[in-house]
Amino acid sequence: GSFLVLRSVDLMLSNRERAAVLRAIAEIDGKATQKTIRRNAEAILGMTSGGLDAKKVGVRHICFKEVWKLGLEGVGPAA
């Protein structure tokens, strides 16, 4: 038979990408969407715009984890 291997959400991003997303979150001044965080993380990494779009789920996971951990508000669910 066949089977599906599910990858942990935490493993969707490389260590560099994860660090860039965390830095982008840390640099938020007020409210930001997840798209804004992705774009800022891409800039930090020197990627073109849209470079992290394929990894939206991983970025979303980190955003919600950090929002919960830090008690922040304003990181919206925008794709």
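Residues numbered from 1 in each chain as written. Predicted model: local features only at pLDDT ≥ 70, side-chain atom pairs only at ≥ 80, totals over all residues. Heavy atoms only, no water.

Caption draft 1: Looking closely at helix α2 (residues 34–45). End to end, α2 covers 16 Å across 12 residues, agreeing with the expected 16 Å (1.5 Å per residue, within 8%). Positive backbone phi, approximately 75°, marks Gly 46, located one or two places after α2. (Helix = DSSP H or I, 4+ residues; strand = E, 2+ residues; numbered from the N terminus. Expected span 1.5 Å × (residues − 1).)

Caption draft 2: Fine view of the nonpolar core. Judged by nonpolar contacts, the single largest core of 13 residues is most densely connected at Val 21, Ile 25, Ile 37 and Ala 41. Going through the elements one at a time, α1 (15–26), α2 and α3 (56–70) are the ones with two or more residues in this core. When sequence neighbours within four positions are dropped, the list of residues in contact with Ala 41 reads Ala 20, Val 21, Ala 24 and Leu 52. (Core = buried A, V, L, I, M, F, W, Y, C linked by side-chain atoms within 4.5 Å. Buried < 20%, exposed > 50% of the residue type's maximum accessible area, 1.4 Å probe, protein only. Contact = heavy atoms within 4.5 Å.)

Caption draft 3: Focus on the side chain of Glu 17. Along the chain, the position of Glu 17 falls in helix α1. Glu 17 sits in the buried class, given a relative accessible area of 11%. Ignoring sequence-local partners within four residues, the contact set of Glu 17 consists of Met 12, Leu 45, Leu 52 and Lys 55.

Caption draft 4: Spotlight on the pattern of salt bridges. With the rule as written, the count across this model stands at 5 salt bridges. Between Arg 38 and Asp 53 there is a salt bridge, with its nearest N and O atoms 3.1 Å apart. You can see Arg 38 sitting in helix α2 and its partner Asp 53 sitting in the loop between α2 and α3, a full 15 residues away along the chain. What makes Arg 38 buried here is its relative accessible area of 2%. When its relative accessible area of 28% is taken as the criterion, Asp 53 is described as partly exposed. Residue Glu 42 pairs with Arg 39 through a salt bridge whose shortest N-O separation is 3.1 Å. Placement of the pair is Glu 42 and Arg 39 together in helix α2, with a separation of 3 residues, close to one helical turn. (Salt bridge = Lys/Arg side-chain N within 4 Å of Asp/Glu carboxyl O.)

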